[in-house]
Amino acid sequence: MNAGKVAAGGIAAALLAVLGVVAVQAEEVSSCWQDFDTLTDNEVFPDAFTVRLAGTYDDKALRAAGTNPAFRAAADFKGDAAIGGPVWTIAAPGPNPVLSDQLGLLAARGGADPDDLAMYEGRNGKRHWMRSAVKPADFFMKNLRALTFVPQSDGTTRVLGADARSGYLQWCAEVPLKPSGAASDQDTGWATGTTGNGRTVLLVGQAKGAAAGTSAIATQDVVTGKVTRQWTVQGTWTDVASDGKLVYAAAPGAVAAFRPGVATPVWRAELPAGAETAFRSVADGRVLVATRPVEGGAGTVTAFDAAGNKAWSVGGSDPEDAIVSGGMLVVRETRGGADGVAAYRLVDGTPAWFTAVPDLKTLADGGTDGTLVYLPGANGPRVLRLADGTAQPTTLTAPVDRILVSGQRIVVQHTASPDLAWTIAYLTPKAQADSGTPAEDPRQR
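We now turn to the structure provided with this report. (Residues numbered from 1 in each chain as written. Predicted model: local features only at pLDDT ≥ 70, side-chain atom pairs only at ≥ 80, totals over all residues. Heavy atoms only, no water.)

**Here we look at the sheet that holds strand E24 (residues 310-317)**
And then number 1: Across the sheet, which stays open at both edges, the four strands sit in the order E21-E22-E23-E24 with antiparallel pairing between neighbours. Taken across any chain shown, the strands that pair with only one partner, and hence form the sheet edges, are strand E21 (276-283) and E24. The sheet shows a mean angle of 20° between the axes of neighbouring strands, taken without regard to direction.
And then number 2: Across seven bridges, the pairing between E21 and strand E22 (residues 286-292) is antiparallel. (Pairing = 2+ DSSP bridges. Helix = DSSP H or I, 4+ residues; strand = E, 2+ residues; numbered from the N terminus. Axes fitted to C-alpha atoms, helices over the stretch in contact; angles between N-to-C directions.)

Here you go:
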């Protein structure tokens, strides 16, 4: 028998097998696309433009923004010691897309419809893709490739995985758990990307046929969609997180730590009474758990060390309206009749500083680069040094509703009217000048 023919036949058979597997996978994945539709309405997620070239683009919303004095002041800003010069801008003919930083990419929810999803590049504002979901989808980005649309809080267990930059769906999988809380529509912490690992999502909930008083914890790989580990633990838990060593579970009234795959906890501790319980941070040797009344408002942040000992607690503020960064817990407080921002050291909970910030609406609408805290303001952003709370003066006086930091960009947003809103990205103080030529269009980069 001819050896070449045998080899060729083997290669052909292997190729057909691979193509068959790919075809099956494609069919399985395509069945999940009913949850997402293509979106081509640029008014939902407008293009981004280079600020220095704003007057050269033929864009209706950008032209309308150019007639607004506040936008012109924001776009003409030359930069100072606290905030660098503007880089790119988005003008929206309505509500701003709600942006969140995801490893230097800006995940966007529709300005008027939370079902709409898009992804922008934080560096230059380039829009990568747009999609519309049948219902709102939460998600985690674990690296610059893997975007996982997590199970819904209503108990829907189908999970989708997509490429973060292209938006192409790569896999579809069922997870064997459902939320274990009494109010499943409020239990958003049962799936989390806080895992201490670059490619996993962690889930806690009820498995089919599970014994009363137990929960199941599962680990899902975001690249393949496979549930790589599942085990049963003692207790009924509604929130979960991990630092890569221990897995932490929380529910109203208690928090516990488990070794992966082990049913009994390494330690268990009591929490202050509260109808809502969620992990605020798992970092710097501290597990921060937030509790607050179901109606919101003032609550408590409690910190535990690696052995389960209560390290400290801070009460009297809304734990959701907080920032954890640079070894600090930053919360909104009122002292001596003055509304402002207070910081506590994560290591021991001692007060670090308090700075009065008049007319501060929402601390959580601010951002940080780990050195500075940027807060929104009607007369321009307020900038505080994270180490000591010292105000850093800035000459940017344009109104700001939201600020986030994405890499070396300070992204500010403002809604001027129901028909006009804008986003402008500025350089951080640490940022170097862009390497691109001034004529480059971010839509082509």
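The discussion continues.
**Some words on the packing of aromatic side chains**
And then number 1: Scanning the model with the defined rule gives seven aromatic pairs in all.
And then number 2: Residues Phe139 and Phe149 carry aromatic rings whose centres are separated by 6.3 Å and whose planes lie at 65° to one another, so their mutual orientation is edge-to-face. On the criterion of sequence distance, the pair formed by Phe139 in strand E8 (residues 139-141) and Phe149 in strand E9 (residues 146-149) is long-range, its members being 10 residues apart. Judged on exposure class, the residue Phe139 and its partner Phe149 are both buried.
And then number 3: Taken together, a centroid distance of 6.2 Å and an interplanar angle of 45° make the contact between Tyr248 and Trp267 tilted. A residue pair is termed long-range when its members are at least 10 positions apart, and Tyr248 in strand E18 (residues 247-251) and Trp267 in strand E20 (residues 267-270) qualify at 19 residues. The pair Tyr248 / Trp267 is uniform in exposure class, with both members buried. (Phe/Tyr/Trp six-rings, centres within 6.5 Å; stacked < 30°, edge-to-face > 60°. Buried < 20%, exposed > 50% of the residue type's maximum accessible area, 1.4 Å probe, protein only.)

**Concerning the pattern of salt bridges**
And then number 1: Enumeration over the complete set of coordinates arrives at 10 salt bridges.
And then number 2: Here Arg199 makes a salt bridge to Asp221, at a shortest N to O gap of 2.8 Å. Highlighted residues: Arg199 in the loop between strand E13 (191-192) and strand E14 (200-207) and Asp221 in strand E15 (residues 214-221), separated in sequence by 22 residues.
And then number 3: Here Arg335 makes a salt bridge to Glu333, at a shortest N to O gap of 2.9 Å. (Salt bridge = Lys/Arg side-chain N within 4 Å of Asp/Glu carboxyl O.)

**A word on the sheet that holds strand E11 (residues 169-174)**
And then number 1: Within the open sheet, the four strands sit side by side as E8-E9-E10-E11. Their pairing is antiparallel. Each edge of the sheet is formed by a strand with only one pairing partner; in this case those strands are E8 and E11. Mean inter-strand twist for the sheet, computed between neighbouring axes without regard to direction, equals 20°.
And then number 2: Sheet topology note: the E9/strand E10 (residues 158-163) ladder contains four bridges and is antiparallel. Bridge pairing in E10 places Leu147 opposite Ala162.

**A short note on unusual backbone geometry**
And then number 1: Even without a glycine there, the phi angle at Asp284 is positive, about 55°.
And then number 2: Assignment of secondary structure puts Asp284 in the loop between E21 and E22.
And then number 3: We classify Asp284 as exposed; its relative accessible area is 58%.
And then number 4: Positive phi values are uncommon outside glycine, yet Asp359 reaches one of about 65°.
And then number 5: You can see Asp359 is positioned in the loop between strand E28 (351-356) and strand E29 (367-368).

**Description of the pairing of E14**
And then number 1: By the criterion of burial, E14 is predominantly enclosed, with eight of the eight residues buried.
And then number 2: Of the strand pairs in this sheet, strand E12 (residues 177-178) and E14 are connected by two bridges, and their pairing is antiparallel. Its bridge partner being in E14, Leu177 is matched across the sheet by Ala207.
And then number 3: Pairing of E13 with E14 involves two bridges; the strand directions are antiparallel. Along E14, the bridge assignment pairs Ala191 with Leu203.
And then number 4: Of the pairings in the sheet, the one linking E14 to E15 comprises six bridges and is antiparallel in character.

Read these as spatial facts, not as claims about activity.
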